[in-house]
Amino acid sequence: NLVESNSDAWVSSYVDNELMPSLSGQAVFANSFSTDEHVAEEELKPIMGKNVVIGIDVGRNPAATFGQLDTRGRLLVLHNVWEENMGIERFLTECIRPVLYDRFQQCSFFAVLDPASRQRSQIGEKSVLEAVQDAGIVAVPASTNNIPPRLRAVEEYLNRRDGMLICPVHCSDLIAGFQYHYRFKRRKLDRQLDEIPEKSHPWSDIHDSCQYLCLGIESRILARRARPASTDLSDRPKMPSAAGWT
């Protein structure tokens, strides 16, 4: 009776117990993302000597996505990190800098941030953008915070032939968002899809950071200012004795 009275997607999810896209909405990149086409078969290694770009979404649930352009102009998405309820300075120290030094030695890097990063805190005098720059990372705000151009920036790479390749080892959350978790919410009144993706952690945070990456990765001005990741780790910020690099 259940099979006969419901859709194939509903049956797959609730009868066959298969992991399926949410029936309440549609994945944002459902028409442009393909797991077979856009996810690598094995771990992607950084290209030494090439710029690494970090898209950073700020807030109390910060996220960062690391990427490079290869010699063919293809976007290699190499790493993503996310933390819940963490300030930006601790996020830089415990999450971003360890990834830079552990995976991207011999690479120059710069960051593209949520435009809200220019705003100064009502408590402190320093903005998030200034905090990132003080950590030794060349950084600028993204060109826009409007949703449509951010989504188009990602789709531009997805829709190119060999335009994007994602590391399956270090970007599992980003991939899951592409497949089903990052989605448009269906309105209750008319059952139509909203034009703005649903805010759901960590998927929306990680995808926001990926959008900033796509908006800024081809910036030639930033590329010239990119800072090399030193092989000498003595310039790392001092950590409390009870803490360590993870």
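As the structure is a computational prediction, the values presented were derived from the model and not from experiment.

Focus: the overall build of the protein
In step 1: Looking only at helices and strands, one finds nine helices and 10 strands in the protein.
In step 2: Every one of the 246 residues in the protein was classed for burial, and the buried ones make up 47%.
In step 3: Across the protein, contacts joining residues at least 24 apart in sequence account for 70% of those joining residues at least 6 apart.
In step 4: For the protein, the exposed surface amounts to about 13300 Å²; the carbon and sulfur share of it is 46%.

Things to note about the packing of aromatic side chains
In step 1: This structure, assessed with the given rule, holds four aromatic pairs.
In step 2: With a centroid separation of 5.3 Å and an interplanar angle of 55°, the aromatic rings of F29 and F178 are classed as tilted. In this pair, F29 is assigned in the loop between β1 (25-27) and α3 (35-38) and F178 in helix α7 (residues 172-181), connecting sequence segments 149 residues apart.
In step 3: Ring geometry for F33 versus F178: centroids 4.7 Å apart, planes at 10°, classification stacked. One end of the pair, F33, is in the loop between β1 and α3; the other, F178, is in helix α7, with 145 residues separating them in the sequence. Across the pair, exposure class does not vary: F33 and F178 are buried alike.

Looking at the nonpolar core
In step 1: In this structure, F66, I96 and M164 are the most contacted members of the largest nonpolar core, which totals 65 residues.
In step 2: Broken down by element, this core gets its largest block of residues, seven residues, from helix α4 (residues 88-103).
In step 3: Other than its neighbours up to four places away in sequence, I96 contacts I54, I56, A64, F66, F91 and I137.

Here's the deal with the pattern of salt bridges
In step 1: Tallied over the entire structure, the rule returns 10 salt bridges.
In step 2: Here K45 ties to E43 by a salt bridge, and the two come within 3.5 Å at their closest N and O atoms.
In step 3: Of the residues examined, K45 reaches a relative accessible area of 56% and is grouped as exposed.
In step 4: Residues D208 and K199 are paired through a salt bridge, measuring 3.0 Å at the closest nitrogen-oxygen approach.
In step 5: D208 sits in the buried class, given a relative accessible area of 6%.
In step 6: Salt bridges here are not isolated pairs; linked through shared partners, they connect E43, K45 and R103.

Let's talk about unusual backbone geometry
In step 1: A cis amide bond links H201 to the next residue, P202, at an omega of 0°.
In step 2: Here Q106, not a glycine, exhibits a phi torsion of approximately 70°, which is positive.
In step 3: Overall, Q106 belongs to the partly exposed group, its relative accessible area being 49%.

A look at the environment of D208
In step 1: In this fold, D208 is placed in helix α8 (residues 203-216).
In step 2: Once the C-alpha coordinates of D208 and I147 are considered, the two residues, 61 residues apart in sequence, prove to be 9.3 Å apart.
In step 3: For D208, the residues in contact, after removing those within four places along its chain, are D57, R150, Y182 and K199.

Focus on the packing of helix α6 (residues 147-159) against α8
In step 1: Contact pair α6 / α8: the axes reach a minimum separation of 8 Å and the direction vectors enclose 70°. Here α6 is positioned roughly perpendicular relative to α8, judged by the angle of their axes. In this structure, α6 contributes P149, R150, L151, A153, V154 and Y157 to the contact, and α8 contributes D208, C210, Q211, Y212, C214 and L215.
In step 2: Tallied by class, residues from the contact of α6 with α8 come to nine nonpolar, one polar and two charged.

Looking at a nonpolar patch on the surface
In step 1: A cluster of nonpolar residues, L2, V3 and V15, forms a patch on the protein surface that exposes about 250 Å² of accessible area.
In step 2: With respect to the secondary-structure elements, V15 resides in the loop between α2 (8-14) and β1.
In step 3: Note on V15: relative accessible area 36%, which makes it partly exposed.

What counts and what doesn't
- Residues numbered from 1 in each chain as written.
- Predicted model: local features only at pLDDT ≥ 70, side-chain atom pairs only at ≥ 80, totals over all residues.
- Heavy atoms only, no water.
- Helix = DSSP H or I, 4+ residues; strand = E, 2+ residues; numbered from the N terminus.
- Buried < 20%, exposed > 50% of the residue type's maximum accessible area, 1.4 Å probe, protein only.
- Contact = heavy atoms within 4.5 Å.
- Areas by Shrake-Rupley, 256 points an atom, 1.4 Å probe, with all protein chains shown as cover.
- Phe/Tyr/Trp six-rings, centres within 6.5 Å; stacked < 30°, edge-to-face > 60°.
- Core = buried A, V, L, I, M, F, W, Y, C linked by side-chain atoms within 4.5 Å.
- Salt bridge = Lys/Arg side-chain N within 4 Å of Asp/Glu carboxyl O.
- Axes fitted to C-alpha atoms, helices over the stretch in contact; angles between N-to-C directions.
- Parallel < 35°, antiparallel > 145°, perpendicular 65-115°, else oblique.
- Nonpolar A, V, L, I, M, F, W, Y, C, P; charged D, E, K, R; others polar.
- Patch = residues over 30% accessible without salt bridge, like charges linked within 9 Å, V, L, I, M, F, W, Y side chains within 5 Å.

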